Amino acid sequence: MSTSNDILVRCRGVTKQYKKGETLVTPLESLDLDVPRGDFLAMMGPSGSGKTTLLNLLSGIDQPTSGTIEFDGMEIQDLPRRKLAGWRARHVGYIFQLYHLVPVLTAFENVELPLLLDDMSRRDRRERVEAALSLVGLADRVHHYPRELSGGQEQRVAIARALVADPALLVADEPTGDLDREAADAILGLLQTLVREQHKTVVMVTHDPRAADAAMRILHLEKGRLQEAAV
Amino acid sequence: MLPFGYAVRNLYRNKTRLAQTLAGSALVVLLVMGAQALNAGMRRTLNASGSPDNVMLLGAGSEESVQRSEVSEQAAGIAEASLAGVATVMDTRAVSPEIFHMAYLEMPDGSISRGMVRGVTHRALLTHRRVSIQEGIFPGPGQMMVGRLAWKRLGVTPDALEPGTTILLDEIPFTLSGIFAAPGTVMESEVWMDLNDLRTAAQRETVSSVVVRLESGEREDVEIFARQRLDLELSPIGEKEYYERLAAFYAPVRSMTWITAVLIATAAIFAGFNTLYAAFASRVREIATLQAIGFRRSAVLVSLIQESMMTSLLGALLGSVLASILLTDRLIHLSTGTFRLTVGPETLFAGIITGVILGIVGALPPAFRCLKPSLPQALRD
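**Comments concerning the side chain of E112(A)**
Residue and element names in this part refer to chain A.
Working step 1: Looking at where E112 falls in the secondary structure, it is placed in helix 3 (residues 107-112).
Working step 2: Side chain to side chain, E112 and R125 meet in a polar contact 2.9 Å long.
Working step 3: For E112, the residues in contact, after removing those within four places along its chain, are R125 and V129.

This is the structure:
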């Protein structure tokens, strides 16, 4: 049984609604969820089931229509946009399916981006970026531009970028969706390592059952509701 | 803040787009600098053309145009004898009767040009102290002297107006006796000739004006003289004031140059909108990613403006270089005279300000449009 201190993210009665033309769409409805620290949680479900919406809410990219989202004991659902941006920079690392690297910046510069938001010396930044790139196995690709990297390498840079500021939570939206099997396995192995050795908490959205198997828990979402939880 | 290098490298993403934006900015800056240089040159020349010591006696009712003015031949003699405080040089009083006549002149190469001809006596040199003869001699009967910029006004090369050549006025040949300078004034584009010759050629019995250079006298003395001699129907006006009025007369021309420049700049800004809409729109997801990482919208906006400003300021630099090459010392002639364009500090300032405005105004709407979608929506794009 998890104690309240063990819970990194707690969602209670989270509903998300938006208007699409005249129609009111409810991608998430009255959702309750606890994500313990050090968890590796995979969320599965059909398209439109609300997986990415939930991921966006957990990471402070979006805000719920109603309900509460607590992160490490602090409610984030009503933070103003400016504060939410700062909160994201400190606490969340986001990994995208299509990597979303800035094409005009090198691997080093892409990874350095989150650190520019902190008051940190250039030397400290360099050390942390190099450490993050080493951790993902790309110490020899520091000065490469995204176009000079393979898909798997790009995703590793994206992971380095997500973890360089040492956030407690890593959220990953289909992180292996654009990769071949071998590269996907390597990325999943890397996420497992981050959970095991760096004590990160990972919430991952995936369609791929093999990817989900790499997680410690799997949640199924359907029509905005949690259907079942598997351990 | 996003690193400055990000804005710099974004410039090179699409070299064709960069070249288009640079060329557009440079063209607008060149145009604005041209308008500024023209207006400044015109204003400077007209302001310098009148001497504060000189008073022009014009025919009453013709204060706006010396060419239309008719002053009795006797006026110069009477003014010379009656007016107190007139400057005297070597026992000669600085009172100059003059005829202004717009005439067709046949150049040595056979071409015919319209130019401002001023009929003068030697006394003109006493009143117009900026005039100095650079080459040759002052014109006597049968002779003409040209200002050093008259070639431009008359549409010939400078070599075509060498002393000794012949110019025809109403088919009467006149020998070019000299070339004079009158720095920064409209006189430099005029043709000067003997007063009596021009009176005959223009078939007039009057002069256009009598220019009086005051030394110790007051303008009021000249006004009293004009009021006392009602028979001469004179209207005194300070020479400087006359040219200031002339400058005011050209205000619509100056306004038109500015309006044209502003219209073209506006069109360029709209073209810039399109270019930047395309440039920024292709990066909506990337910009959303930066926000997802934790950069505020304001930081992204500043970076986009930096990017736009760099292009427009590079364009301004290019435009300024072009302006320096193409406009400096270029001569523009209007009916009043020839103006020399000068690319000075104020012209450069106008160019830089234009670049800054293009950069900021051109970037804002595309940037706002790019930042408008919600983060989840932009990340999905």
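What follows picks up the thread again.
**Things to note about helix 3 (residues 74-82) of chain B**
Working step 1: Taken together, the buried positions of helix 3 of chain B are A75(B), A76(B), I78(B) and A79(B).
Working step 2: In this structure, the buried residues of helix 3 of chain B make contact with strand 1 (54-59), strand 3 (92-93), strand 4 (95-106), strand 11 (209-213), helix 7 (219-228) and strand 12 (234-238) of chain B.

**Some remarks on the packing of helix 2 (residues 15-49) of chain B against helix 9 (residues 251-281) of chain B**
Residue and element names in this part refer to chain B.
Working step 1: Running from N to C, helix 2 and helix 9 cross one another at 165 degrees; their axes reach a closest spacing of 10 Å. Regarding the angle of helix 2 to helix 9, the classification is roughly antiparallel. For the pair helix 2 and helix 9, the crossing hand works out as left-handed. Across from R17, T21, V28, L31, V32, A35, Q36, L38, N39 and M42 in helix 2, the residues of helix 9 making contact are V253, R254, T257, W258, T260, A261, I264, A265, A268, T275, A278 and A279.

**Quick look at the packing of aromatic side chains**
Aromatic ring pairs are reported here in terms of the distance separating the ring centres and the angle at which the planes meet.
Working step 1: Scanning all chains against the criterion turns up six aromatic pairs over all chains.
Working step 2: The residue whose ring lies beneath R147(A) is Y145(A), and the NZ or CZ to ring-centre distance is 4.8 Å.
Working step 3: For R369(B), the ring lying beneath its charged end belongs to Y277(B), and the centroid distance is 4.7 Å.

**Description of the interface of chain A and chain B**
Working step 1: If you look at the interface, chain A gives 23 residues, while chain B gives 21 residues.
Working step 2: Summing both partners gives a buried area of about 2,000 Å² for chain A against chain B, and 64% of it is carried by carbon and sulfur.
Working step 3: The closest approach of N and O atoms between E109(A) and R9(B), which form a salt bridge, is 2.5 Å.
Working step 4: At the junction of chain A and chain B, the tally comes to seven residue pairs in polar contact (both at pLDDT 80 or more).

**Notes on a nonpolar patch on the surface**
All names here are of chain B.
Working step 1: Among the surface-exposed residues, L314, L317, L318, V321, L322, I325 and L326 lie close enough to one another that they form a single nonpolar patch of about 630 Å² accessible area.
Working step 2: Tracing the backbone through its elements, the reader meets L322 in helix 11 (residues 297-327).
Working step 3: Using a relative accessible area of 32% as the deciding quantity, one classes L322 as partly exposed.

**Remarks on helix 8 (residues 239-249) of chain B**
All names here are of chain B.
Working step 1: Among the residues of helix 8, those classed as buried are E239, Y242, Y243, L246 and A247. Angular distribution of buried residues about the axis of helix 8 spans 145 degrees; they occupy a single face of the element.
Working step 2: Buried positions along helix 8 lie against helix 2, strand 1, strand 5 (112-120), strand 11, strand 12 and helix 9.

**What to know about the side chain of T311(B)**
Residue and element names in this part refer to chain B.
Working step 1: Among the secondary structure elements, T311 is positioned in helix 11.
Working step 2: T311 sits in the buried class, given a relative accessible area of 6%.
Working step 3: In this view, T311 contacts L11, L18, T21, L22 and S25; residues no more than four positions away in its chain are not counted.

**Quick look at the domain arrangement of chain B**
Residue and element names in this part refer to chain B.
Working step 1: Its domain assignment divides chain B into domain 1 (4-48 + 250-380) and domain 2 (61-232).
Working step 2: On a C-alpha basis, the centroid separation for the pair domain 1 and domain 2 is 47 Å.
Working step 3: With 13 residues of domain 1 in contact, the opposing surface of domain 2 contributes 10 residues.
Working step 4: Taking both partners together, domain 1 and domain 2 bury about 990 Å²; carbon and sulfur atoms supply 59% of that area.
Working step 5: The three residues of domain 1 that bury the most area against domain 2 are A48, L331 and T338, which together make up 44% of that side's buried surface.
Working step 6: Counting across the domain 1 and domain 2 interface gives zero salt bridges.
Working step 7: Scanning the region where domain 1 abuts domain 2 turns up zero residue pairs in polar contact (both at pLDDT 80 or more).
Working step 8: Within the residue set of the side of domain 1 that touches domain 2, elements represented by two or more residues are helix 2, strand 13 (331-333) and strand 14 (338-340).
Working step 9: Among the elements that take part in the side of domain 1 that touches domain 2, helix 2 stands out by supplying four residues, more than any other.
Working step 10: For the side of domain 1 that touches domain 2, the class distribution of residues is five nonpolar, six polar and two charged.

**Let's talk about the sheet that holds strand 1 (residues 7-20) of chain A**
All names here are of chain A.
Working step 1: Ordered in space as 2-1-4-5, the four strands form an open sheet in which the pairing is antiparallel. Strands at the two margins of the open sheet, each flanked by one partner only, are strand 2 (23-36) and strand 5 (74-75).
Working step 2: Judged from the nine bridges that link them, strand 1 and strand 2 form a sheet pairing that is antiparallel. The residue of strand 2 that forms the bridge with I7 is P36.
Working step 3: Sheet contacts for helix 1 (residues 51-58): strand 1, strand 2 and strand 4 (66-71); angle to strand 2, the most-contacted strand, approximately 60 degrees.

The rules we used
Residues numbered from 1 in each chain as written. Chains lettered and ligands numbered in written order. Predicted model: local features only at pLDDT ≥ 70, side-chain atom pairs only at ≥ 80, totals over all residues. Heavy atoms only, no water. Helix = DSSP H or I, 4+ residues; strand = E, 2+ residues; numbered from the N terminus. Polar contact = N/O pair within 3.5 Å; in protein donor to acceptor, adjacent residues only side chain to side chain. Contact = heavy atoms within 4.5 Å. Buried < 20%, exposed > 50% of the residue type's maximum accessible area, 1.4 Å probe, protein only. Axes fitted to C-alpha atoms, helices over the stretch in contact; angles between N-to-C directions. Parallel < 35°, antiparallel > 145°, perpendicular 65-115°, else oblique. Left-handed = near helix turned anticlockwise from the far one by under 90°. Phe/Tyr/Trp six-rings, centres within 6.5 Å; stacked < 30°, edge-to-face > 60°. Lys NZ or Arg CZ within 6 Å of the ring centre and 35° of its normal. Buried area = accessible area lost by both parts, 1.4 Å probe. Salt bridge = Lys/Arg side-chain N within 4 Å of Asp/Glu carboxyl O. Patch = residues over 30% accessible without salt bridge, like charges linked within 9 Å, V, L, I, M, F, W, Y side chains within 5 Å. Areas by Shrake-Rupley, 256 points an atom, 1.4 Å probe, with all protein chains shown as cover. Arc of directions from axis to C-beta. Domains from an automatic or database assignment. Nonpolar A, V, L, I, M, F, W, Y, C, P; charged D, E, K, R; others polar. Pairing = 2+ DSSP bridges.

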